[in-house]
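Structural overview for review
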Amino acid sequence: MIDAPDFSFAALSPLLLVLGAACIGVLVEAFAPRDVRHPVQVGLALTGTVGAFVATLLLAGTREVTAGGALAVDGPTLFLQATIAGLGALSILLFAERSLDPARSAFVVSAAVPAGSPRDRELVTTQRVQTEVYPLALFAIGGMLLFVAANDLLVMFVALEVLSLPLYLISGMARRRRLLSQEAAVKYFLLGAFASAFFLYGLALVYGATGSVRLRDIREAVTAESGGVLMVLGLGLLVVGLLFKASVAPFHSWTPDVYQGAPTPVTAFMAACTKVAAFGAILRLLYVAFGAAEWTWRPLIYAAAIISMIVGAVLGLTQTDLKRMLAYSSVAHAGFLLTGVIGFGAGGDGSGLAATMFYLVTYGLTTLGAFAVLTLVRDGDGEAGHLSQWAGLGARSPLTAAVMSLFLLALAGIPLTAGFTGKFAVFRAAIEQGAWPLAVVALLASAVAAFFYLRVIVLMYFSDPVADGPTVGVPGLPTTIVLAVTATATLALGILPGAVLDLAGRAAIFVG
Amino acid sequence: MLSTYVPIVGLFALAAAFALFSVAVAPFVGPRRYNRAKLDAYECGIEPVDQPLTGGRFPVKYYLTAMLFIVFDIEIVFLYPWAVANDALGVWGLVAMVVFIGTVFLAFAYEWRRGGLEWD
Amino acid sequence: MPAEGLLAASWLLIALPLAGAAVLLLGGRRTDRWGHLLGTATVVAAFLLAVACTVQLAGLDGRAADVELFTFIATGELDVTAGLLYDPLSAVFVLLITGVGSLIHVFSIGYMAHDPARRRFFAYLNLFVAAMLLLVLGNSFVALYVGWEGVGLASYLLIAFWYTRPAAATAAKKAFIMNRIGDVGLALAIFVMFAQLGTTSYAGVFGSVGTLAGGTITAIGLLLLLGACGKSGQFPLQAWLPDAMEGPTPVSALIHAATMVTAGVYLIARSAPIYDLTPTARAVILAVGAVTLLIGAIAGCAFDDIKKVLAYSTVSQIGYMFLAVGLGPAGYVAGLAHLLAHGFFKAGLFLGAGSVMHAMDDSVDMRRFGGLAKKLPITFVTFGLGYLALIGFPFLSGYFTKDAIIEAALDRGDVWGWVLGGVAVLGAGLTAFYMTRLMLMTFFGRPRWDDGVHPHEAPTVMTAPMIVLAVGSVAAGALLVSVFPLADWLAPVFGEPAEAAHVVAPALVGLVVTVVMVLGVLTAWLFVGRREVPVTAPVRVSPVTRAARNALYADTVNESLFMRPGQWLTRALVWFDNRGVDGAVNGLAAGLGGSSSRLGRAQTGFVRTYALGMLGGVVMVAGALLAVTAG
């Protein structure tokens, strides 16, 4: 008789809520009449994500390993799950916006119709909306929630795929500029598969070296013998797979193309939530499983942080498309986040874990808000992403420009915004661990990056508007909520970050 | 640790040797009596054509069918060991399997309702 | 001690102008009609409150008040509490900022009357005042840093206020970049303090800085100095300040003469307990001050742009202040006294220059002025008093404060004391020369105006602040030295003033400086006043003049040091990304016999590029790890 593994359904309730909502969503797609699908799907998706958010709050303080040791529900898991679920709910709101695009949705009606065909031209002006994105997004969110809880390399891999596959799909569903969107999806898929293969290969090598895929067993094996070539190579490949998802240079090459091509609400979702999930997994893998082999991965993360910060900051300088610019910004921020990862001692000392988690919250909120503003500024052909089109926006639409400026200042790390407190926390954590050269590079990179964020602000306020410039759409209720929440949070976390920092500090203990 | 894998490596070597041996030996020992049926494509499938029907590409329908096939194939991969170990797994195993089949059927229902099973 | 009474409400000092800025920026066009009045009212109210607070402070034991605002970050061992510190040093700055700020707000009502964006101007000005007050009132280096960045932002916005002029946009960018270099220094200093001492509050840092190794203290001191140099336009970061004159003139008066650029002096004075422990860093401050003093004075002699001359004069005068605070305990009070006096007369001079520009259709070319004394009598008299105060005419404010610095330098008693004193005296002579040149070219001689220019005196709303500042220029020095001695007021911060043993009798110093000053004036009269001023600048000039006209090639040096390498790096990386990586991959594909069509390459080639890049990364990772493991 094989004993059933213990299963704490309460501890897994956030996960089950989201995946359950996703499954019901599939049934709704199958059986509900077309005209009720949109409200039902949005309601379902919001119920799932908000429910998961509330569930994580109710679970606060839980520390257990469940599902036969495959899943860990502890402080970092719950904190990051709450972050993902919250940001996920905001992304769903962006998906649900219906008053900006004349055709009432950012998503293509029928993704299978070849772009540019007569049928496609016919569909582009219809008022029909496509609702498959909601269950797909829910599956992705479910995968992310699983990813940060995974205490087992195989589960981690399954979660990686569950979160990635829906993302590949919805990247290709832009209503306008469809070829660009489809190209982005294919690139993302091919490179994602490539990275997954590395992860899987690393998994196999680590299994070969240690005889287990459970993080706890791996830790014991690593502690017992300091690990041979097999283990070290396996660790390297696992990290590569995760760094890809976190868009850390030199594994970032997909980021600009995909961010630019994907529908903007999806880009916002990827930028905010995927980063949180990837860093959650990186932290757990490195500290729970390989904490004893710190000497092997610390130089690696150190170097990746430096490369990522420099590449993101320097290449961001020459971008002329806002989405591409924010993509390089995402690469630079991945480097800053790795600075926080360095700021965590192997013994669990140091504030790096809390700092990184706090940074993820601030970065997620800010970048989500910035992309939400991007959806507002449009010309006849969809969103107006070219930098030159934003010239003089401050005169035409002061409120939009002001909100965008707030987000850009936060991304640049100007004090009194969330970006500053986040940066301050991770740099401090790194310095505490003696990594002050890293903090110096990070400061220099911040200074360089500040230049391209501020350039946009200068352009908005100090340039003459272009003749046939874009129009600024009036957002409907969903986008308004997103903008209000993210802008308020960006300011609040800049001025009074105490409560959230404190929460992150108390949550920052991994359960074995 | 690594010594655990020695039998697997041995198996791979055996398999490779057998395949090479068969291919190498067949031209010398095999009888050669051809007829029309024997020259056809082996076993199932459609008659191969020089040029695919629509401008160098296969219709996406083939891939859809192939993917459906793989989904059920995987389902069987899981069902088979469960069936073998059903006694040991007990009620827990049964519930888990029902949930698994349920989720696969969810996707199947979606495919069916949205016309994925219709050829044209 | 915790603040009580009015001092507990000193946060209102910051909140009032900030609220003004918020109303003006968010209110939009609705506030166009009364926005400038609101902006002025908030600053005047802040000034009145500051006066009341300072009166209360004077009655307190120990003369310091802590105002705890809220807990900014509190996790684990990090506890950053946002609070204010109202002590004699910050009180002096608060009075200067709100006082001069009020006058300049009033002046701007007239100066900007016809500008369509007047509301925006007042909003930025209020924002600046709020940030500057936070800078001087904060009780920790982090609060100072927040204010520091805030004034940088406000300054950037105001320099680029007329952003349609390319020169203004370029100047704003230059100011921004050079300030960032300084800001990195300040940020690093704060990080070092935090890493070493675990705190950034003034009380915490100054209480425990003595426990650090000498090298660390020197490093902190030098990094703080880098920040101070960036903000105050000191060598080698002085080049942005003259360019910043592209902003509206009231901005030049308030930000780039009286207040923001003195933030560096404030930083060094505030960090006195750190500098007391590191003679090395103090020596560097002295060197920076002396070099800047001369560079500013020399460059000031060559320019024909009235605002640029005043700007280089500011650079030079702040050099004096740096020199003073670099002298240590003996010089802090002298430096701050000069700072206050300078705040009055330089703001007055800039407002006067604004009035002249107002009269001359916004021209700044002194070669096109001349003979304005009769046309602008009030401006002439107020500007003249500011001029006399600046060159150190006996018993006007500059005379007292500049002499005090020279005395303090000489009182060092060693060779360097003589060198520094000599530099300061030479600077005084140069100051007299270039300022007299400015006076002669602007107010005396034959009118050289373009046709169609009809100079007229400014309205009362502009002349009134000029008169007040002129009175201040005349009286401030005497007041600070004898009636309300600044040294006694600041005693709780810098210690009781010690009666220094003078190396040279003060009367003799005063005499020498006056003689040098008179020589400078006479030289200027000989070279400029006696002759006809050509309307265009002579082209064939000596190398010395040419160097001075190019501000001693500071821009060239900066370009080759900072801008060029940055541009090269960016270009090289982009080139490498475009050519290097893609080219290598394409070449590899061709070499492998792949003869895919152009179309095919366009569709799939780039993913291959990316994949190869990733593979490269993996190989790097694996190689590094193997090397680590094997080694």
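For clarity, every value in this text was computed on a predicted model and none was experimentally measured.

**Looking at the overall build of chain B**
Summing up its helical and strand segments, chain B has four helices and zero strands in all. Counting from the amino terminus, helix and strand elements in chain B follow one another as α-α-α-α. Relative to its full complement of 120 residues, chain B shows a buried share of 1%.

**Describing the overall build of chain A**
Tallying secondary structure elements over chain A gives 20 helices and five strands in all. Burial analysis of chain A (512 residues in total) assigns 66% to the buried set. For chain A, contacts bridging at least 24 residues in sequence account for 80% of all contacts bridging at least 6.

**Considering the interface of chain B and chain A**
With 13 residues of chain B in contact, the opposing surface of chain A contributes 12 residues. Each residue belonging to the side of chain B that touches chain A can be placed in one class, and the counts come to nine nonpolar, two polar and two charged.

**Notes on the interface of chain C and chain A**
Facing the 41 residues of chain C at the interface are 44 residues of chain A. Of all the secondary-structure elements, those providing two or more residues to the side of chain C that touches chain A are strand 1 (65-75), helix 6 (141-159), helix 7 (166-197), helix 26 (554-591) and helix 27 (598-630) of chain C. No other element matches helix 27 of chain C, which puts 15 residues into the side of chain C that touches chain A.

**Regarding the UniProt feature "transmembrane region" (unreviewed entry) in chain B**
In the numbering used here, UniProt assigns the "transmembrane region" (unreviewed entry) feature to residues 6-29, 62-83 and 89-110 of chain B. Each end of residues 89-110 of chain B is marked by a C-alpha atom, and these two atoms are 31 Å apart; helix forms 100% of the span and strand 0%.

**Some words on the sheet that holds strand 4 (residues 382-383) of chain A**
Sheet strands associate in pairs through backbone hydrogen bonding, adopting either a parallel or an antiparallel arrangement. Residue and element names in this part refer to chain A. The three strands are arranged 4-3-5 in an open sheet whose pairing can be described as antiparallel. Because the sheet does not close on itself, it has two edges, and the strands there are strand 4 and strand 5 (471-472). Here strand 3 (residues 377-379) runs beside strand 4; their pairing, made up of two bridges, is antiparallel. Each residue of the ladder has a partner; that of D379, found in strand 4, is G382.

**A short note on the packing of helix 3 (residues 75-95) of chain A against helix 14 (residues 352-374) of chain A**
Axis angle and axis distance: for two packed helices, these are the angle between their axes and the distance between the axes, and together they describe the pair. Residues and elements named next belong to chain A. At a minimum axis distance of 11 Å, the contact between helix 3 and helix 14 shows a crossing angle of 0°. Taken together, the axes of helix 3 and helix 14 lie roughly parallel to each other. Each of P76, F79, L80, T83, L87, L90, S91 and L94 in helix 3 lies in contact with helix 14, whose residues at this interface are L353, M357, L360, V361, G364, L368 and A372. When the residues that make up the contact of helix 3 with helix 14 are grouped by side-chain class, the tally is 12 nonpolar, three polar and no charged.

**Structural notes on helix 1 (residues 6-29) of chain B**
Look at helix 1 of chain B: 33 Å from first C-alpha to last across 24 residues, which is about the 34 Å you get at 1.5 Å a residue. Among the 24 residues of helix 1 of chain B, zero are classified as buried, and the element is accordingly described as predominantly exposed.

**A look at unusual backbone geometry**
For residues besides glycine, phi is generally negative; the peptide bonds are generally trans as well. All names here are of chain A. Look at the link from A249 to P250: it is a cis peptide, with omega at 5°. Assignment of secondary structure puts P250 in the loop between helix 9 (229-245) and helix 10 (254-261). Non-glycine residue S247 carries a positive phi angle of around 45°. Residue placement: S247 occurs in the loop between helix 9 and helix 10. Notably, L416 is not glycine yet its phi reads approximately 75°, a positive angle. Note on placement: L416 falls in the loop between helix 16 (398-412) and helix 17 (418-432). Since 17 C-beta atoms lie within 10 Å of it, L416 is described here as partly exposed.

**A short note on the environment of G352 of chain A**
Structurally, G352 of chain A is set in helix 14. With near-sequence residues (within four places) excluded, G352 of chain A lies in contact with G340, V341, I342, G343, F344, A429 and Q433 of chain A.

**Overview of the environment of A60 of chain A**
Structurally, A60 of chain A is set in the loop between helix 2 (34-58) and strand 1 (64-66). Considered as a pair, A60 of chain A and G75 of chain A are 15 residues apart in the sequence and their alpha carbons are 7.3 Å apart.

**Quick look at the environment of L479 of chain C**
As for its position among the elements, L479 of chain C is in helix 21 (residues 460-483). In the structure, L479 of chain C is positioned 79 residues away from F400 of chain C in sequence and 9.9 Å away in space, judged by C-alpha atoms.

**Regarding the confidence of the model for chain B**
Confidence in the prediction for chain B averages 82 pLDDT; 81% of positions are at 70 or higher. Here the predicted complex scores 0.64 on pTM and 0.82 on ipTM.

**Details of the packing of helix 14 of chain A against helix 17 of chain A**
Residue and element names in this part refer to chain A. Running from amino to carboxyl end, helix 14 crosses helix 17 at an angle of 155°, the nearest separation of the two axes being 8 Å. Our classification of the angle between helix 14 and helix 17 gives roughly antiparallel. The interaxial crossing formed by helix 14 with helix 17 has left-handed handedness. Of helix 17, the residues touching helix 14 (which contributes G352, A355, T356, F358, Y359, T362, Y363, L365 and T366) are A418, G419, T421, G422, A425, V426 and A429. Residue composition of the contact of helix 14 with helix 17, by class: nine nonpolar, seven polar and no charged.

**Some remarks on the confidence of the model for chain A**
Averaged over all residues, the pLDDT of chain A equals 90, while 98% of them reach at least 70. Mean pLDDT across the secondary structure elements of chain A bottoms out at strand 4 of chain A, with 82, and peaks at helix 5 (residues 133-149) of chain A, with 96.

Parameters at a glance
- Residues numbered from 1 in each chain as written.
- Chains lettered and ligands numbered in written order.
- Predicted model: local features only at pLDDT ≥ 70, side-chain atom pairs only at ≥ 80, totals over all residues.
- Helix = DSSP H or I, 4+ residues; strand = E, 2+ residues; numbered from the N terminus.
- Buried ≥ 20, exposed ≤ 12 C-beta atoms within 10 Å, placed from the backbone.
- Contact = placed C-beta atoms within 7 Å.
- Nonpolar A, V, L, I, M, F, W, Y, C, P; charged D, E, K, R; others polar.
- UniProt positions renumbered as here; feature names shortened; annotations may be inferred.
- Pairing = 2+ DSSP bridges.
- Axes fitted to C-alpha atoms, helices over the stretch in contact; angles between N-to-C directions.
- Parallel < 35°, antiparallel > 145°, perpendicular 65-115°, else oblique.
- Expected span 1.5 Å × (residues − 1).
- pLDDT = per-residue confidence, 0-100.
- Left-handed = near helix turned anticlockwise from the far one by under 90°.

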